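Chain residues, written in single-letter form:
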Amino acid sequence: MKSQINVGLVGFGIVGTGTAKILLENRDLIARRVGVPLALRRIVDLDLTTDRGIILPDGLLSSDLPGLLNDPEIDIVIELIGGYDTAKRVMLDAMAQGKHVVTANKALLAVHGEDVFGAAARAGLDLG
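What counts and what doesn't
- Residues numbered from 1 in each chain as written.
- Predicted model: local features only at pLDDT ≥ 70, side-chain atom pairs only at ≥ 80, totals over all residues.
- Heavy atoms only, no water.
- Helix = DSSP H or I, 4+ residues; strand = E, 2+ residues; numbered from the N terminus.
- Contact = heavy atoms within 4.5 Å.
- Areas by Shrake-Rupley, 256 points an atom, 1.4 Å probe, with all protein chains shown as cover.
- Pairing = 2+ DSSP bridges.
- 1 Å grid on protein atoms, 1.4 Å probe; cavity = no way out; pocket = protein on both sides within 12 Å on 5 of 7 lines; lining within 4 Å.
- Points joined across faces, edges and corners; volume = space filled by probe spheres on them.
- Nonpolar A, V, L, I, M, F, W, Y, C, P; charged D, E, K, R; others polar.
- Core = buried A, V, L, I, M, F, W, Y, C linked by side-chain atoms within 4.5 Å.
- Buried < 20%, exposed > 50% of the residue type's maximum accessible area, 1.4 Å probe, protein only.
- Salt bridge = Lys/Arg side-chain N within 4 Å of Asp/Glu carboxyl O.

Q: Outline the overall build of the chain, listing residues and values.
A: A count of helical and extended segments in the chain gives five helices and five strands. Walking the chain from its N terminus toward its C terminus, one meets helices and strands in the order β-α-α-β-β-α-β-α-β-α. Each principal axis of the C-alpha distribution contributes one length, and for the chain these read about 35 × 35 × 25 Å. The contacts in the chain between residues at least 6 apart in sequence include a share of 65% that link residues at least 24 apart. As presented, the chain carries roughly 7,300 Å² of accessible surface, and 54% of it is formed by carbon and sulfur atoms.

This is the structure in structure tokens:
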């Protein structure tokens, strides 16, 4: 078992900001429930200047999507950008790098679920 699970978050809008707050502010509770710490290691978004009402550790937020996807330390990618094409590509690229994926993108799953769930199954990864 891993001693820590590292998470990368793609999309830092309303849902992404809320997710980051939960991961950062409830890390002790999450660690107790999961059994190991869950560490938010990277957040990627196109907008790096909007005040989202959350103070992030230095270097956590960037626009470097390939850096997140290719980071061997990241175990889980949370996709929260919405839409179809870019979100699907992010999910498939993350799985191609051996990363589990979590998404709130129900529309994408309804339209492209067969593709993304198939990719997860072929790679032996979880998609939630």
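Q: I'd like a rundown of the sheet that holds strand β2 (residues 38-44), residues and numbers included.
A: To summarise the sheet geometry, strands pair through backbone hydrogen bonds and adopt either a parallel or an antiparallel arrangement. Taken together, five strands build an open sheet; the order of strands is β3-β2-β1-β4-β5 and the sheet is parallel. Edge strands, defined here as strands with exactly one partner in the open sheet, are β3 (61-62) and β5 (100-103). As paired elements, strand β1 (residues 5-10) and β2 share six bridges and run parallel to each other. Bridging from a neighbouring strand, Val7 pairs with Leu40 of β2.

Q: Could you give me a rundown of the layout of surface pockets, with the residues and numbers involved?
A: By volume, the largest pocket is sized at about 160 Å³. Together, Val10, Gly11, Val44, Asp45, Leu46, Ser63, Leu65, Ile81, Thr86, Arg89 and Val90 line the largest pocket. Ranked by residue count, the leading element in the lining of the largest pocket is helix α4 (residues 85-96), at three residues. Looking at the lining of the largest pocket residue by residue, the class counts come to six nonpolar, three polar and two charged.

Q: Which residues make up the nonpolar core, and what values go with them?
A: Core analysis: the biggest nonpolar cluster contains 19 residues, and Val77, Met91 and Met95 have the highest contact counts within it. Broken down by secondary-structure element, the contributors of at least two residues to this core are α3 (65-69), α4 and α5 (106-123). A per-element tally of this core places α4 first, with five residues. Leave out the neighbours within four places in its chain, and Val77 touches Gly8, Val10, Leu68, Leu69, Ala94, Lys99, His100, Val101 and Val102. One finds Ala20, Leu38, Ile54 and Leu80 within the second-largest nonpolar core, a separate group that totals 18 residues.

Q: Which residues make up the pattern of salt bridges, and what values do they have?
A: The full count for this structure, using the stated rule, is six salt bridges. Across the pair Asp47 and Arg52 runs a salt bridge whose closest N-O atoms are separated by 3.8 Å. Here Asp47 falls in the partly exposed class, since its relative accessible area comes to 28%. What emerges from the salt-bridge pattern is a single network uniting Asp45, Asp47 and Arg52.

Q: How would you explain the pairing of β1 if you had to name every residue and give the values?
A: Residues in a regular strand point their side chains to alternate faces of the sheet. Burial of β1 is extensive: six of the six residues sit out of reach of the surface. Where β1 meets strand β4 (residues 76-79), four bridges bridge the pair, whose relative direction is parallel. Counted as the bridge partner of Gly8 is Val77 from β4.

Q: Hey, could you go over the side chain of Thr17 for me, with residue numbers and the actual values?
A: Relative to the elements of secondary structure, Thr17 occurs in helix α1 (residues 14-25). Given the relative accessible area of 7%, Thr17 is considered buried.

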